[in-house]
Amino acid sequence: MNKKIILAIQILFFPFLFVGCQQGDSKQNNTVIQEEIEQQQPYNNEDKQKQGTASDEPSKPMEESQIEPEAPEVKDEEENSSSLKLQKAVSGTLNIRSIPDHEGQLVGTVTNDQEVLLFNGKFEHGYGSDGAIHDWCYITTESGISGWVREDLVTADGKSVKSAMGILQYYRKEVEGTLNIRSEPKHDSELVGTVESQYEPLKFYGEIGTGMGSDGQMHEWYKITTEEGVTGWVRSDYIWKEQG
């Protein structure tokens, strides 16, 4: 074949050969890239849940060094800061009993006149060695002994315990005749005393009870103490509060 004709044919088809080569190389490159993609670990929803995102990443447990220690419980000053401070008001030894009764077990004694007895306002009444009913105070000594002492055998800065508590009020008999004083706030309890005079002041320290009266109805009862020292319960509607 004529060389000129062959040269013309080569010039004519050369661009198509060049484009074909480029497409072949591109296909090969795409194949390599695709293989690289296929070799990577697929990123599916399960992986997303494991890895989390900025908004749904599960919280990690804090290391011990990161955990702030709990603040210590703050108590109202010392528990005994609001207690009334008592001292024994008798010469000799003051006995501390396990129950508010003279026959209760002896759990401790107070011999020092200056020893502080902490009292939180818990009263009970029981028999004393004189056979009469007395109010008893539940106290705790400086050495940690707790028990009952007779209220009339201790003092609070020279005052009676109840007076020092600031709740003393005075009442007088409201009804004609005799006012009965009972051992408990109910009509059928033991009679411990009477009030005859309408002018006798009755000391009331705030202790109130509820019980049956002689009329078969429920009434409010006040625990009072007479001038002679008799302590017991009277119906509140049988007495009136002295003003001033």
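Note that the structure is a prediction, hence the values are computed from the model and not measured. (Residues numbered from 1 in each chain as written. Predicted model: local features only at pLDDT ≥ 70, side-chain atom pairs only at ≥ 80, totals over all residues. Heavy atoms only, no water.)

Chemist: What is the right way to read the packing of aromatic side chains from this model?
Modeler: Given two aromatic rings, one states the distance between the centres and the angle between the planes to describe the pair. Enumeration according to the criterion identifies 5 aromatic pairs in this entry. Look at Tyr138 and Trp148: their rings are 5.1 Å apart centre to centre, the planes differ by 65 degrees, and that puts the pair in the edge-to-face class. Within this pair, whereas Tyr138 is found in strand S5 (residues 133-141), its partner Trp148 is found in strand S6 (residues 146-150), the two being separated by 10 residues in sequence. In this structure Tyr138 comes out as partly exposed when scored by relative accessible area, which is 31%. Arranged with centres 5.5 Å apart and planes meeting at 85 degrees, the rings of Tyr171 and Phe204 form a pair that is edge-to-face. Residue Tyr171 is located in strand S8 (residues 169-173), and its partner Phe204 is located in strand S11 (residues 202-212); the two are separated by 33 residues in the primary sequence. Residues Tyr171 and Phe204 agree in their burial class; the two are buried. Following the ring pairs from residue to residue traces out a cluster consisting of Tyr171, Phe204 and Tyr222. (Phe/Tyr/Trp six-rings, centres within 6.5 Å; stacked < 30°, edge-to-face > 60°. Helix = DSSP H or I, 4+ residues; strand = E, 2+ residues; numbered from the N terminus. Buried < 20%, exposed > 50% of the residue type's maximum accessible area, 1.4 Å probe, protein only.)

Chemist: Is there a simple way to think about the environment of Val161 in this case?
Modeler: Examined against the element boundaries, Val161 turns out to sit in helix H3 (residues 161-164). Given a relative accessible area of 0%, Val161 falls into the buried group. If sequence neighbours within four positions are ignored, Val161 has contacts with Leu84, Leu86, Phe119, Phe123, Cys137, Glu151 and Val154. (Contact = heavy atoms within 4.5 Å.)

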